[in-house]
Protein chains: 2
Amino acid sequence: MQQTKILLEEKDMPTSWYNVMPDLPEPMAPPLDPETKKPIAPEKLSAIFPMSLIEQEMSGERWIDIPEPIQEIYRLYRPSPLVRARRLEQAIGSKARIYYKDESVSPAGSHKPNTAVAQAYYNKMEGVRRLATETGAGQWGTALSFACKMLDMKCTVYMVRCSYDQKPYRGIIIRAYGGEVFPSPSRHTSVGRKVLEQDPNSGGSLGLAISEAVEDAAQNNDTKYALGSVLNHVIHHQTITGLEVKKQLEIAGETPDVLIGCVGGGSNFGGLVLPYMPEKLEGQKIRFMAVEPQACPTLTKGRFAYDYGDMARQTPLIKMYTLGHGYFPPPIHSGGLRYHGEAPIVSHAAKLGLLEARAYFQNEVFDAARLFMQTEGFLPAPETAHAIKAAIDAAKEADPGQVVVFLYSGHGLLDLGSYDAYLKGELKDQAFSDDEIEKSLSECPEI
Amino acid sequence: MQQTKILLEEKDMPTSWYNVMPDLPEPMAPPLDPETKKPIAPEKLSAIFPMSLIEQEMSGERWIDIPEPIQEIYRLYRPSPLVRARRLEQAIGSKARIYYKDESVSPAGSHKPNTAVAQAYYNKMEGVRRLATETGAGQWGTALSFACKMLDMKCTVYMVRCSYDQKPYRGIIIRAYGGEVFPSPSRHTSVGRKVLEQDPNSGGSLGLAISEAVEDAAQNNDTKYALGSVLNHVIHHQTITGLEVKKQLEIAGETPDVLIGCVGGGSNFGGLVLPYMPEKLEGQKIRFMAVEPQACPTLTKGRFAYDYGDMARQTPLIKMYTLGHGYFPPPIHSGGLRYHGEAPIVSHAAKLGLLEARAYFQNEVFDAARLFMQTEGFLPAPETAHAIKAAIDAAKEADPGQVVVFLYSGHGLLDLGSYDAYLKGELKDQAFSDDEIEKSLSECPEI
């Protein structure tokens, strides 16, 4: 019998998250106050974040204990399986072995609850009763509304209007968890009302939805703001996936040669690869591969610079790979990868040459998704399919016997409209021209 | 640490299916030829089924080996977890322990692949290249198209027109697996064309879709027909769930007091409870509880009689609980439970007093679904929610320390339109009046 899935028992689930910062060869550049351009004071963030998460954001400790109430909710779906993709290997004639870490098994269908549950918990411990957030395609909003319900908190989601209309199932599932969801721009914030006055039919943007959620949190005492990617503490929470993979590969008697994840804000990728950073820095030959869309090529064509996290220039300035905070990517079907920036931790590692990046067009990505589904059976999210495409290419290029591992960040069951467009041949392959990138980057502040 | 999930290793997956027939205290009545009203000859079924499945249908052997190629595909998702629903227990103040067997983890999102993979395999072994089937809400069509792709076969699905229009994601996922799906009535069969001539806007029915699929199989040499429930061999294949539960409860040190499943055709319920029949017949106190909608109360208000399996009177006559083959249930949101009959094995066990049945209205069922989702995190299919409702009631009625187990037959991620209607208060609670039942039953043949 050939084994397919490598399972961990609940008692073997990691009990700490990993913080890569003390292990990095050079320190990261600090976030800056947008007004003074000096390193931002923690207190300034406390209007929208609880102190415990701000401490994690700034922490130099290598390990962060996972409180038992978070572990208890994790055990609804964790540890997640590591799966040997034998049928995919056979289909592509791979001499390498391919494994995927299946984070689609969570209630929200993606890796996002790993941080949503943690953020809801720490907020609740500090007396917060409601979390406000934005969501694009809806994965994050689903995860946070799930997490808030598990901890008996309220949740308000500002969902980019065009996605709200295109993906009605996302709004329904958020409501079924007891969350409230408003299409953004909404009439619930002054920034939303201002936009609606100018354009009552505005389709919204992620940057605007962030502004609405931040305003909501800043103006209500019982409410804080939660972000689903980019920030350091989010990446820390996601390392539980990579820590589990280490244990699972050990059980399988394997050493990884390539670790792969798709990158939007960078949290699922960071969560998988960063726990392997000590081995890499000690000289073990192991490649970290970040995969992004050609339509939003942050790591492959962006600039390492201080930039704003949102379009409205409300967030601290962050040193990261960016395409410019005003960049508006083409409407590709991987909504979760349409972010102009990249997590500072991931950006810093990229700048140090510790990872490599690849960009793909969406039709080749959906080809890979279909091949995966028709061999392994499961339907991936379009975002996840970027990692699958890269894993297939890496396996084809690999030496015989090498081990390729990718993070299966979520299922595509609420993305079937995108599959329909793909099957009908309606998807466009759009890249960003060098001229457009130059123009967008020219808006980055000079620091 | 309190354990949540009881996992089996792949090496502990059952390698045989269980056939309850030799263990039943009385033999079942045979299916009859609709023309002669005599027991049907196996050859007569061979136009639409392969001989190996006809043999399983008639078999008196207690155990049927699961061929390794089927086990290999099962291992993509099996063994499935048995989960302790602690948070649900707490929410209802239960002194009983509640477990659920999670069959939503399959690629198709339900228990259906357990038989779809087996049926595709046996057909392929006999040279069949294509399977034709019908589907109502779409769970079965999704499962069979998945199974056919895994075995490199073609699949044609006739999907009831009104469901095809209401649930577009189902058609897309079937196509993404490489299957073809036609709204029924279609122009691909003579029976479909006939209906369309009379009513070009016909919404179709499950009975009509069966007729189209059977005609397709009977008229094409390379094609056979596959059915997703009701038949004996389908129930045998589903016993892998109950056999796994036995192993898992043993690991947990538990003895079940109540086993619960929803019933449409009866396959998920039969699969869970029948492996416990020997213990029950030996005197162990264990209740089997079948749960159905008030809108289609086959076991609670139907008659045990010979009746046709389809509306068009093409199938053999089957001794079963039935509401009459002409019964057209109200358009409740549990499409998988809208069948006028019940599996002969399940019906026979009910007639012998070996199981009990309960019927619920759909709003109380969705209330239970929402409570489950808001405590355990996962979104159940509306069909599955019937089992959840009964499990909650059974746990409340149970003595302290009793063990209630239900089969979580599928997720509801492609049923969010129904949740939307529920959340908006638009669902109607419809029951079938005794007069209507009498009228419908009067059409059963007199045998």
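Conventions and cut-offs
- Residues numbered from 1 in each chain as written.
- Chains lettered and ligands numbered in written order.
- Predicted model: local features only at pLDDT ≥ 70, side-chain atom pairs only at ≥ 80, totals over all residues.
- Heavy atoms only, no water.
- UniProt positions renumbered as here; feature names shortened; annotations may be inferred.
- Helix = DSSP H or I, 4+ residues; strand = E, 2+ residues; numbered from the N terminus.
- Contact = heavy atoms within 4.5 Å.
- Buried area = accessible area lost by both parts, 1.4 Å probe.
- Salt bridge = Lys/Arg side-chain N within 4 Å of Asp/Glu carboxyl O.
- Polar contact = N/O pair within 3.5 Å; in protein donor to acceptor, adjacent residues only side chain to side chain.
- Nonpolar A, V, L, I, M, F, W, Y, C, P; charged D, E, K, R; others polar.
- Domains from an automatic or database assignment.
- Buried < 20%, exposed > 50% of the residue type's maximum accessible area, 1.4 Å probe, protein only.
- Right-handed = clockwise from strand over helix to strand, strands pointing away.
- Pairing = 2+ DSSP bridges.
- Disulfide = S-S within 2.5 Å.
- Phe/Tyr/Trp six-rings, centres within 6.5 Å; stacked < 30°, edge-to-face > 60°.
- Axes fitted to C-alpha atoms, helices over the stretch in contact; angles between N-to-C directions.
- Parallel < 35°, antiparallel > 145°, perpendicular 65-115°, else oblique.
- pLDDT = per-residue confidence, 0-100.
- Least-squares fit on C-alpha atoms with pLDDT ≥ 70 in both.

- An unreviewed UniProt entry annotates chain A as Tryptophan synthase beta chain originating from Desulfonatronospira thiodismutans ASO3-1.
- Per UniProt, the comment on chain A under Subunit (unreviewed entry) is "Tetramer of two alpha and two beta chains."
- According to UniProt, the comment filed for chain A under the heading Catalytic activity (unreviewed entry) is "(1S,2R)-1-C-(indol-3-yl)glycerol 3-phosphate + L-serine = D-glyceraldehyde 3-phosphate + L-tryptophan + H2O".

1. Focus: unusual backbone geometry
Step number 1: Cis peptide bonds are those with omega within 30 degrees of zero, and the linkage from Ser184(A) to Pro185(A) qualifies with 10 degrees.
Step number 2: Its location among the elements puts Pro185(A) in the loop between β8 (180–184) and α9 (190–198).
Step number 3: Residue Pro79(B) is bonded to the preceding Arg78(B) through a cis peptide linkage, with omega at -10 degrees.
Step number 4: Tracing the backbone shows Pro79(B) in the loop between α3 (68–74) and β4 (82–84).

2. Section: the interface of chain B and chain A
Accessible area lost when the parts come together is the quantity often used to give the size of an interface.
Step number 1: Across the contact, 46 residues belong to chain B and 46 residues belong to chain A.
Step number 2: A buried area of about 4,200 Å², summed over both sides, lies between chain B and chain A, and 62% of it is on carbon and sulfur atoms.
Step number 3: Ranking the residues of chain B by area buried against chain A places Leu76(B), Arg87(B) and Tyr169(B) at the top, with a combined share of 15%.
Step number 4: Across the chain B-chain A interface, the total number found is four salt bridges.
Step number 5: A salt bridge links Glu10(A) to Lys5(B); the nearest nitrogen and oxygen atoms lie 2.9 Å apart.
Step number 6: Between the two partners, chain B and chain A, sit 18 residue pairs in polar contact (both at pLDDT 80 or more).
Step number 7: Of all the secondary structure elements, the ones that give two or more residues to the side of chain B that touches chain A are α3, α6 (139–150), α8 (168–176), α16 (362–376) and α18 (416–423) of chain B.
Step number 8: Partitioning the side of chain B that touches chain A into residue classes produces 24 nonpolar, 10 polar and 12 charged.

3. Observations concerning the domain arrangement of chain A
All names here are of chain A.
Step number 1: Under the domain assignment used here, chain A contains domain 1 (5–13 + 65–109 + 232–441) and domain 2 (113–227).
Step number 2: Each of domain 1 and domain 2 was reduced to a C-alpha centroid, and the two centroids are 24 Å apart.
Step number 3: Contacts between the two partners involve 34 residues from domain 1 and, on the opposite side, 25 residues from domain 2.
Step number 4: With both sides pooled, the region where domain 1 packs onto domain 2 buries about 2,300 Å², and carbon together with sulfur makes up 63% of that total.
Step number 5: On the domain 1 side of the interface with domain 2, the three residues burying the most area are Ile73, Ala108 and Leu414, jointly 25% of the side's total.
Step number 6: Joining domain 1 to domain 2, the criterion identifies one salt bridge.

4. Side note on the side chain of His111(B)
Residue and element names in this part refer to chain B.
Step number 1: Here His111 is to be found in the loop between β5 (97–102) and α5 (113–125).
Step number 2: A polar contact of 3.5 Å, which involves the side chain of His111, links it to the side chain of Ser267.
Step number 3: For His111, the contacting residues outside a window of four places in its chain are Glu103, Gln238, Ser267, Asn268 and Ser409.

5. Here we look at the pairing of strand β7 (residues 154–160) of chain B
Residue and element names in this part refer to chain B.
Step number 1: Within β7, six of the seven residues are buried, which leaves it mostly tucked inside the rest of the structure.
Step number 2: With respect to chirality, the unit in which strand β6 (residues 130–135) leads through α6 into the neighbouring parallel β7 is right-handed.
Step number 3: Sheet topology places β7 next to strand β8 (residues 180–184); five bridges connect them, and they run parallel. Within the sheet, the bridge partner assigned to Met159 lies in β8 and is Pro183.

6. Some thoughts on the state of the cysteines
All names here are of chain B.
Step number 1: Taken as a whole and judged by the stated rule, the model has zero disulfides over all chains.
Step number 2: With no disulfide of its own, Cys296 has Cys262 as its nearest cysteine by sulfur position, at a separation of 12 Å.
Step number 3: Residue classification places Cys296 among the buried positions, given a relative accessible area of 1%.
Step number 4: Just so you know, Cys444 is unpaired, no disulfide at all, and the nearest cysteine sulfur is the one on Cys296, 13 Å from it.
Step number 5: Exposure remark for Cys444: the relative accessible area of 10% places this residue in the buried category.

7. Remarks on the UniProt feature "modified residue: N6-(pyridoxal phosphate)lysine" (unreviewed entry) in chain A
Residues and elements named next belong to chain A.
Step number 1: Here, UniProt's "modified residue: N6-(pyridoxal phosphate)lysine" (unreviewed entry) annotation points to Lys112.
Step number 2: With respect to the element layout, Lys112 can be found in the loop between β5 (97–102) and α5 (113–125).
Step number 3: The contacts of Lys112, once residues within four sequence positions are left out, are Gln139, Trp140, Ala143, Gly228, Ser229, Gln238 and Ser267.

8. So, α8(B)
Step number 1: Summarising burial for α8(B): seven of the nine residues are buried, a large majority.
Step number 2: Every buried residue of α8(B) is accounted for by Tyr169(B), Arg170(B), Gly171(B), Ile172(B), Ile173(B), Ile174(B) and Ala176(B).
Step number 3: Looking at the buried residues of α8(B), the elements they touch are α8 (168–176), α16 (362–376) and α18 (416–423) of chain A together with α6, β7 and β8 of chain B.

9. Here we look at the UniProt feature "domain: Tryptophan synthase beta chain-like PALP" (unreviewed entry) in chain A
Step number 1: This chain's UniProt record puts "domain: Tryptophan synthase beta chain-like PALP" (unreviewed entry) on residues 75–410 of chain A.
Step number 2: Secondary structure within residues 75–410 of chain A divides into 43% helix and 19% strand; the distance between the first and last C-alpha atoms comes to 18 Å.

10. Observations regarding the packing of aromatic side chains
All names here are of chain A.
Step number 1: In the structure shown here, the tally under the stated rule is 31 aromatic pairs over all chains.
Step number 2: When the ring of Tyr158 is compared with that of Phe182, the centres are 5.9 Å apart and the planes differ by 45 degrees; the resulting orientation is tilted. Separated by 24 residues along the polypeptide, Tyr158 in strand β7 (residues 154–160) and Phe182 in strand β8 bring together distant segments of the chain. Accessibility assignment for this pair places Tyr158 and Phe182 in one class, buried.

11. Re the packing of helix α2 (residues 51–58) of chain B against helix α11 (residues 232–252) of chain B
All names here are of chain B.
Step number 1: Look at α2 against α11: their axes get within 7 Å of each other, and the N-to-C directions meet at 85 degrees. One finds that α2 runs roughly perpendicular with respect to α11. Along its contact with α2, which presents Leu53, Gln56 and Glu57, the element α11 presents Asn232, His233, His236 and His237.
Step number 2: Taken together, the residues of the contact of α2 with α11 break down into one nonpolar, five polar and one charged.

12. Some thoughts on the sheet that holds strand β15 (residues 403–408) of chain A
Residue and element names in this part refer to chain A.
Step number 1: What the seven strands build is an open sheet, ordered β1-β4-β5-β15-β10-β11-β14; its pairing is mixed. Each end of this open sheet is capped by a strand with a single partner; those strands are β1 (5–6) and β14 (356–360).
Step number 2: Where strand β10 (residues 258–262) lies against β15, three bridges are found, and the strand directions are parallel. Residue Ile260 lies in a different strand from β15, and its bridge partner there is Phe406.
Step number 3: The strands touched by helix α11 (residues 232–252) are β1, β4 (82–84), β5 and β15; relative to β5, the strand with the most contacts, the crossing angle is about 140 degrees.
Step number 4: Packed onto the sheet, helix α17 (residues 382–397) meets β5, β10, β11 (287–293), β14 and β15 and runs at close to 175 degrees relative to β15.

13. Quick look at the environment of Gly204(B)
Step number 1: Examined against the element boundaries, Gly204(B) turns out to sit in the loop between α9 (190–198) and α10 (206–219).
Step number 2: In the structure, Gly204(B) is positioned 68 residues away from Gly136(B) in sequence and 9.8 Å away in space, judged by C-alpha atoms.

14. Some points on the confidence of the model for chain A
Step number 1: Mean pLDDT over chain A stands at 95; residues scoring 70 or higher make up 100%.
Step number 2: In the predicted complex, the global pTM is 0.97; the interface-specific ipTM is 0.96.

15. With respect to the side chain of His340(A)
All names here are of chain A.
Step number 1: Tracing the sequence through the fold places His340 in the loop between β13 (317–322) and α15 (344–351).
Step number 2: Taking the relative accessible area as the measure of exposure, His340 reaches 6% and is therefore buried.
Step number 3: Only 2.8 Å separates the side chain of His340 from the backbone oxygen of Tyr308, close enough to count as a polar contact.
Step number 4: When sequence neighbours within four positions are dropped, the list of residues in contact with His340 reads Thr298, Asp307, Tyr308, Gly309, Asp310, Met320, Tyr321, Thr322, Leu323, Gly324, His325 and Tyr327.

16. Some words on the relation of the copies chain B and chain A
Step number 1: Overlaying chain B on chain A yields an RMSD of 0.0 Å, the required transformation being a rotation through 180 degrees with an accompanying axial translation of 0.0 Å. Taken together, the turn and the small shift mark the pair as related by a two-fold rotation axis. By C-alpha distance to the rotation axis, the residue of chain B lying nearest is Leu413(B), at 3.4 Å.
Step number 2: When you check the interface residues of chain B against chain A, 100% turn up at the interface there too, and the contact is symmetric in its surfaces.

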